[in-house]
Amino acid sequence: MPSKNCLILSLLPKHPVKSGMQNTVFYLNKFLSQKNNTKFLNISSTNIIDPILNLKHSKIVEKKIQKAIETFKPRLIFVNSSKMLYLYRKILLHNKKFYKVILVVHDLYFFRKKFFKQVGVKDKTLLSNFSEVKTIRKVDYIIDYSLDEKKYLLSKKISKKKFIFTRTPINFFSNSKPIKSYYDLLYIGSNWKQNDLSLKWIIKNIIRKLENKKLLVIGVKKPKKKIKNVFFKSYQRKYLKKCKIGLGIVKFGSGRKVKIFEMLGSGIPVVTNINLKDYGLKNKRHYIYVKKEKEYLKIINKLFLNKKLIKSLSKHSYKWSKYNSNYKFAFRKLKFL
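Residues numbered from 1 in each chain as written. Predicted model: local features only at pLDDT ≥ 70, side-chain atom pairs only at ≥ 80, totals over all residues. Heavy atoms only, no water.

**Student:** Lay out the sheet that holds strand β3 (residues 76-80) in plain terms, naming residues and giving numbers.
**Tutor:** What links the strands of a sheet is backbone hydrogen bonding, and the strands pair in either a parallel or an antiparallel sense. One open sheet holds the 5 strands; their spatial order is β2-β1-β3-β4-β5, and the pairing between them is parallel. Across the chains shown, the open sheet's two edge strands, defined by having one partner strand only, are β2 (37-42) and β5 (141-143). Averaged over all pairs of adjacent strands, the angle between their axes in this sheet comes to 20°, without regard to strand direction. Here 3 bridges tie strand β4 (residues 100-104) to β5, and the two strands are oriented parallel to one another. Residue Leu103 lies in a different strand from β5, and its bridge partner there is Ile142. (Pairing = 2+ DSSP bridges. Helix = DSSP H or I, 4+ residues; strand = E, 2+ residues; numbered from the N terminus. Axes fitted to C-alpha atoms, helices over the stretch in contact; angles between N-to-C directions.)

**Student:** Got a sec to walk through the side chain of Ser317? Specific residues and values, please.
**Tutor:** For Ser317, the position within the fold is in helix α11 (residues 307-324). Of the polar contacts made by the side chain of Ser317, one reaches the backbone oxygen of Ser314; its length is 3.2 Å. Apart from residues lying up to four places away in sequence, Ser317 is in contact with Leu264, Gly267, Ile268 and His286. (Polar contact = N/O pair within 3.5 Å; in protein donor to acceptor, adjacent residues only side chain to side chain. Contact = heavy atoms within 4.5 Å.)

**Student:** Explain the pairing of strand β1 (residues 5-10) to me, and be specific about the residues and the numbers.
**Tutor:** Sheet faces and side chains relate simply in a regular strand, where the side chains alternate between the two faces. Burial analysis of β1 places 5 of its 6 residues in the buried class, the great majority of the element. Relative to β2, β1 is paired through 6 bridges, and the arrangement is parallel. Of the residues in β2, the one forming a bridge with Ile8 is Phe40. (Buried < 20%, exposed > 50% of the residue type's maximum accessible area, 1.4 Å probe, protein only.)

**Student:** Pulling in residues and values, what's your account of the pattern of salt bridges?
**Tutor:** In the structure shown here, the tally under the stated rule is 6 salt bridges. Arg112 is the partner of Asp50 in a salt bridge, and the nearest nitrogen-oxygen pair spans 2.5 Å. Note that Asp50 is positioned in the loop between β2 and α2 (59-72) and Arg112 in helix α5 (residues 109-118), a separation of 62 residues in sequence. Since its relative accessible area comes to 2%, Asp50 is described here as buried. One salt bridge connects Lys244 with Asp184, and the closest N-O pair in it is separated by 3.7 Å. Of the two residues, Lys244 sits in strand β9 (residues 243-248) while Asp184 sits in strand β6 (residues 183-188), which places them 60 residues apart along the sequence. Each of Asp50, Asp107 and Arg112 takes part in a single network of salt bridges with overlapping partners. (Salt bridge = Lys/Arg side-chain N within 4 Å of Asp/Glu carboxyl O.)

Here it is in structure tokens:
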């Protein structure tokens, strides 16, 4: 296929990758850059709770986007978040545009505002459901959405032809062979508020009730006060192989569940409260699904004793990830846009 100019507009930089939203655009940029001319424009957001919180229109940013379009002349423009798309809709979605616009959802504002309510924060720049849907109707394609988000958009009469299912792109390990486990459990997060809240819940309700089990936390800022049996490291993929079981427990927020898919792709058995059947994953074959909170301790303890199941989960989750979440596979349909 001939190369084309691709412009990515993102609220977060490509790296260092510290969140699911960054994960998507990092691998999207990497995929597109292999055979295309790609320009990455970071529209900075410093909000520690969520990059779309209190996000407002900026004339300076508008001029930067306009200049990038005029000078780079992209064939494809990827916009990372529906709120940013809405704020700059006049220059991105006008009738005379010579490019195709692809919305990188992660997440729809309709779903994201539920998280804001959950953690007790108010967005000063609200985006109504009507305005969000009206804006999305004008895009050419939609990627990086959850299945719940797709169902919601379809119910709002968004054409199913616009959807390109990219699952949750990751860069899987070259093999699933584990190394010596220094830690019993693993939690992957970022400095976003929702990850910090989920981690606190895990420590209080699981780690403190497990006997002598060590938890490794990567990607989350280390607290000033030391926590017994909990160890913090900066995000490095090598640490994934040093843990026996991954905790994909999401208590706050939504998102693409990147932490879960990253652990699956490393061959780590994952225990999660997220039902992944709609992605084609099977409970007790690819991962362990825990429906009720009171079952966590029992299930985790049983899994530690079942080496055969651990080995089986590792094998099948890695194989599934290789042909589904591998970013080279996930983004392959973009070649034909």
